[in-house]
Amino acid sequence: MTDGKMTLSTQLETRFNATPCELSHDRVKTLSVPLERVTETLEFLKYEATPHFEMLFDLSAIDETERNGGLTVFYQLLSLSGNADLRIKVNLPAKNPVLPSICSVWRAANWYERELYDMFGIHVDNHPNLVRILMPEYWEGHPLRKEHPNRATDMPPYQLPEAHYREIMESYRAEDYREPMDDTEELTLNIGPTHPGTHGLLRLVVRLKGEEIRDVRPDIGFHHRGAEKMAERQTFHSYIPYTDRIDYLSGVQNELPYLLAVEQLAGITVPERAQVIRVMLCELFRISSHLVWLASYSHDLGALAPPFYAFRDREYLFDAVELITGGRMHPAFFRIGGVAMDLPEGWHEAIQAFLKRMPAAIDEYQALLTHNPIMRGRTRGIGILSVTEAIDWGVSGPNLRACGLAWDLRKCRPYSGYEQYDFEIPTAIEGDSLARAEVRLEEIRQSLRIVEQAIQNMPNGAVLSDQARYAFARKEATLQDIETLIHHFITVGQGMTFPSGESLFITEAPKGMNGYFVVSNGTEHPYRLRIRTPSFPHMQALAPLATGHLLADLIAILGSIDYILADIDR
Amino acid sequence: MNLIQWLLTLSGLALVLLVLFSIAALMVYGERRIIALLQDRLGPNRAGPFGILQPAADFLKLVTKEHFVPPFADRKIYIIASIIVPFTALLSFVVVPVSYNWWLADINIALLFIMALSSLRVYGIMLGGWASNSKYPLFGGLRSAAQMISYELPMGLALMGVVILSGSFSLVDIVSAQEIPFIILQPIGFIIFLICGIAETNRLPFDLPEAENELASGYNTEYGDIKFAFFFLGEYIGVLLIAALATVLFLGGWHGPWFPGAVWFTIKTLALIFLFFWLRTSLPRLRYDQLMHIGWKFLLPAALVNLMVTAVLGLFWMEG
């Protein structure tokens, strides 16, 4: 393994003039490649290198204005066959940066490159459709550039003159992109941004012939809140609650990759009890997220009762979560180096009660959904994704496992002690909407097993790391001596400085691979925080999945890929 | 007819109208409460005792809303369409016998009259979808037209079995002929009629013209205020009609021991309405092509075979 990596980096160095540019604390091999060699390097890595780097995991940039100047574009590559990561960096000038498009290598690059243009103003050459993706068409400036204001109060008051308003609304007109010679039976249907089938602010411009879908163009960004930009003015610690709201249905599952990345950066070890509590809560939130998926998916298909059953069971789950964390959907419970509090009295019984009722509930869901002939008839063979296509599009999580690949980071790269738990990775081979549903239902059962094991083997001990450098002064002690009080005041008010470096951590979130890439400058704030969410590439894969099916299938496919708009737009 | 007879007939009609409206309103309330019960929740329970005044509150709300016609809609047809649906459904009740001496009209082609009215009902939905001049209603309207045509045929054929057995198109004669309820003699006919009935009334799992998750609300997306209430009312009166018809045609209408005929009629109709509610909360929606598939490739042949078998057997039976 190490040998292969050595040869790979020497190969890259000799063939493509790459220079290693690893920073400490990061476990990802990083190489810098000259701009003109980028495309061929990436082609080499995808098709020829050993191991093949089949997946473009992430693609974004860092504005280096406050460091070396210019822009750094980074490509996060992932090899599923070799279970390896690689980061390729490219330096660009800050003025008029131009980057060659790699859409021909990975189709998934399309949206990421649009995001580059949108957020950093990087012009991507030969891109099929280089327009803004998250910000509205009329936005001025590129938000993730350092010179762009960080918050609305830094900007002049917003004006919207009548003429400008009309212009803006005009940009939302569903463009009629039928070919001039196309047959006249085609029509363009605008679905959303508010529509019962889109589960949030998502707009789909669909080209239809009769009810058959010719093409789908998703329009995203209505839920963009600038989560990455916000990180740049929060301290490492105070950013934790913001992560909860990225995939707002899976709460602490967002905190985990962020904190693991930060802990990796600073070299913090988490006490064992805290790790088990984290795993337990993460799996509970996986169940919670899958329950909401189940609810909305069955509602998409017109079944009226399962949504209420699923939400009912989620309430029982939230009772336990509330007891432990004090919060329901967004508990902000994890801390750098552990968790916020020890488990309260009665936690064991609360979770037991939930675990006890769930198996029968899942049987009921199966009877109402995956075993129901109408539901099977509607979703079997709909929206089929093959393994190669899925990897090419950057699809992960249950959607990837439904195509037949047992890729689960909890198994292949165990973190937080997942290697100690006995559970299986449910897979299916069909890769259609029904398979995705079956995999998710089975995942709930497996998560229940993990929770069961976690509560049986809950170790004793501390729940927060006491490494003095990165630990908050204990609140109890602040009332006893002035030293601790001062420390507490400083670390909470100002934040703690973290070593400079870069750190990526990927976890298996309910919806797929969730990666947080923390770039630190040695200050209290992240210099750049990149959030790679699973829903973003999933939504991009919608068009090829839905083309050729009927309008009703579009909703079934959309529901089966399980996305959250906040997770897409960030 | 003299003036007094006219007045009596008119007041009878007004009474029926009032009763039907209140039944439809109570059905809306009943459905919401029953479905809520099946879904582990409470349903409307605030307006009046047990929330029984909820339909009245909803009605008042819809009536007092601004009468709005979208500027892009075809104004006249848009308004007329919303009236057609409840109108045709209400008119069908004229010939439904509630008890052995209790009906508004006994015409000798009652069954044909009802089938004709139910065919007219599709115009309401189709024209509503068309006149809205908007894409989602258009889809709903088209779907509804295709759906109704596909399900009208097997429904009509299933009813012919009943006609053969009773030898009459008059509903009163049909009920009188049911010493044994026709559901025993015509089980396949009953099932086909019920499936088609659900499809005719656009209820789950056949609610494709509405299909909330795909078409927002289908044919009535652009409708609001009282015009929406008409569509809504039409749907529930349609459900009541199908349940009442199934009772009259297959379940022996007013026949039954101990209780008076009207009570039996009510019990049977309510049981069928409950079945409608139950199906709605349990089943997902079919896809459009699957719906057509079931209609043409399964229900229609089954109805034809059923008709032929009934005809042949009936011939021997009556001759012998």
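As the structure is a prediction and not an experimental result, all values here were calculated from the model. (Residues numbered from 1 in each chain as written. Chains lettered and ligands numbered in written order. Predicted model: local features only at pLDDT ≥ 70, side-chain atom pairs only at ≥ 80, totals over all residues. Heavy atoms only, no water.)

(A) Quick peek at the packing of aromatic side chains. According to the stated counting rule, one finds 20 aromatic pairs over all chains in the structure shown. Taking 5.7 Å as the distance between ring centres and 40° as the angle between the ring planes, the aromatic pair formed by Phe193 of chain B and Phe250 of chain B counts as tilted. Taken as a pair, Phe193 of chain B in helix α8 (residues 187–200) and Phe250 of chain B in the loop between α10 (225–249) and α11 (261–282) lie far apart in primary sequence, 57 residues in all. Each member of the pair, Phe193 of chain B as well as Phe250 of chain B, carries the same accessibility label: buried. Within the aromatic cluster, the residues linked to one another by ring pairs are Tyr415, Tyr418, Tyr421, Phe423 and Phe505 of chain A. Positioned above the aromatic ring of Phe308 of chain A is the side chain of Arg41 of chain B, whose terminal nitrogen or guanidinium carbon lies 4.3 Å from the ring centre. (Phe/Tyr/Trp six-rings, centres within 6.5 Å; stacked < 30°, edge-to-face > 60°. Helix = DSSP H or I, 4+ residues; strand = E, 2+ residues; numbered from the N terminus. Buried < 20%, exposed > 50% of the residue type's maximum accessible area, 1.4 Å probe, protein only. Lys NZ or Arg CZ within 6 Å of the ring centre and 35° of its normal.)

(B) Expanded view of empty space enclosed by the protein. All chains considered together, the criterion is met by six cavities of 30 Å³ or more. By volume, the largest cavity amounts to about 100 Å³. For the largest cavity, the lining is made up of 15 residues, of which Ser118, Arg121, Glu200, Leu241 and Ile242 of chain B are closest to its centre. Among the elements of the structure, α3 (75–92), α4 (110–131) and α10 of chain B are those that each provide at least two residues to the lining of the largest cavity. Take the lining of the largest cavity: its biggest share by element is five residues, from α4 of chain B. A class-by-class count of the residues in the lining of the largest cavity yields eight nonpolar, five polar and two charged. There is about 50 Å³ of room inside the second largest cavity. Every residue along the wall of the second largest cavity is listed here: His237, Arg335, Ile336, Leu464, Tyr470, Ala471 and Phe472 of chain A. (1 Å grid on protein atoms, 1.4 Å probe; cavity = no way out; pocket = protein on both sides within 12 Å on 5 of 7 lines; lining within 4 Å. Points joined across faces, edges and corners; volume = space filled by probe spheres on them. Nonpolar A, V, L, I, M, F, W, Y, C, P; charged D, E, K, R; others polar.)

(C) Looking closely at a nonpolar patch on the surface. All names here are of chain A. On the surface, a cluster of nonpolar side chains totalling about 510 Å² of accessible area is made up of Tyr138, Tyr158, Leu160, Tyr165 and Met169. Its location among the elements puts Tyr165 in helix α4 (residues 162–171). Overall, Tyr165 belongs to the partly exposed group, its relative accessible area being 36%. (Patch = residues over 30% accessible without salt bridge, like charges linked within 9 Å, V, L, I, M, F, W, Y side chains within 5 Å. Areas by Shrake-Rupley, 256 points an atom, 1.4 Å probe, with all protein chains shown as cover. Salt bridge = Lys/Arg side-chain N within 4 Å of Asp/Glu carboxyl O.)

(D) Looking closely at helix α2 (residues 54–63) of chain B. Residues and elements named next belong to chain B. Every buried residue of α2 is accounted for by Gln54, Pro55 and Leu62. Along α2, the residues classed as buried sweep out an arc of 95° about the axis, all on the same side. Of the surrounding elements, those touching the buried residues of α2 are α1 (3–38) and α10. (Arc of directions from axis to C-beta. Contact = heavy atoms within 4.5 Å.)

(E) Geometry of unusual backbone geometry. Its identity is not glycine, yet Asn83 of chain A carries a phi of approximately 50°, on the positive side. In this structure Asn83 of chain A comes out as partly exposed when scored by relative accessible area, which is 28%.

(F) Representation of the sheet that holds strand β9 (residues 203–209) of chain A. Read across the sheet, three strands follow the order β8-β9-β10 (chain A) without closing on themselves; strand pairing throughout is antiparallel. The open sheet is flanked by β8 (186–191) and β10 (212–219) of chain A, the only strands paired with a single partner. Mean inter-strand twist for the sheet, computed between neighbouring axes without regard to direction, equals 20°. Pairing of β9 of chain A with β10 of chain A involves seven bridges; the strand directions are antiparallel. Bridge pairing in β10 of chain A places Arg207 of chain A opposite Asp215 of chain A. In the packing of helix α5 (residues 135–166) of chain B onto the sheet, the strands contacted are β8 and β9 of chain A, and the crossing angle to β8 of chain A comes to about 115°. (Pairing = 2+ DSSP bridges. Axes fitted to C-alpha atoms, helices over the stretch in contact; angles between N-to-C directions.)

(G) Up close: the confidence of the model for chain B. Residues and elements named next belong to chain B. With 98% of its residues at a pLDDT of 70 or more, chain B shows a mean pLDDT of 84. In the model of chain B, helix α9 (residues 212–215) stands out as the element of lowest mean pLDDT, 71, in contrast to α8, which has the highest, 87. Scoring of the predicted complex yields 0.86 for pTM and 0.82 for ipTM. (pLDDT = per-residue confidence, 0-100.)

(H) Expanded view of the sheet that holds strand β4 (residues 71–79) of chain A. Residues and elements named next belong to chain A. The five strands are arranged β1-β2-β5-β4-β3 in an open sheet whose pairing can be described as mixed. The open sheet is flanked by β1 (19–20) and β3 (55–63), the only strands paired with a single partner. Sheet analysis places strand β2 (residues 29–32) next to strand β5 (residues 84–92), joined by four bridges and oriented parallel. Paired with Thr30 across the two strands is Arg87, which belongs to β5. Relative to β3, helix α3 (residues 109–120) is tilted by about 5°, and along the sheet it contacts β3 and β4.

(I) Highlighting the interface of chain A and chain B. The interface is formed by 34 residues belonging to chain A together with 25 residues belonging to chain B. Interface of chain A and chain B: buried area, both sides summed, is about 2,600 Å²; carbon and sulfur atoms make up 59% of it. A per-residue breakdown of the area chain A buries against chain B is headed by Glu211, Leu304 and Ile374 of chain A, which together make up 21% of the total. The tally of links between chain A and chain B comes to two salt bridges. A salt bridge links Arg287 of chain B to Asp553 of chain A; the shortest N-O distance between them is 3.1 Å. Connecting chain A to chain B are eleven residue pairs in polar contact (both at pLDDT 80 or more). Elements with a contribution of two residues or more to the side of chain A that touches chain B: β8, α8 (272–300), α9 (305–325), α11 (373–379) and α20 (551–560) of chain A. No other element matches β8 of chain A, which puts five residues into the side of chain A that touches chain B. Counted by class, the side of chain A that touches chain B contains 19 nonpolar, ten polar and five charged residues. (Buried area = accessible area lost by both parts, 1.4 Å probe. Polar contact = N/O pair within 3.5 Å; in protein donor to acceptor, adjacent residues only side chain to side chain.)

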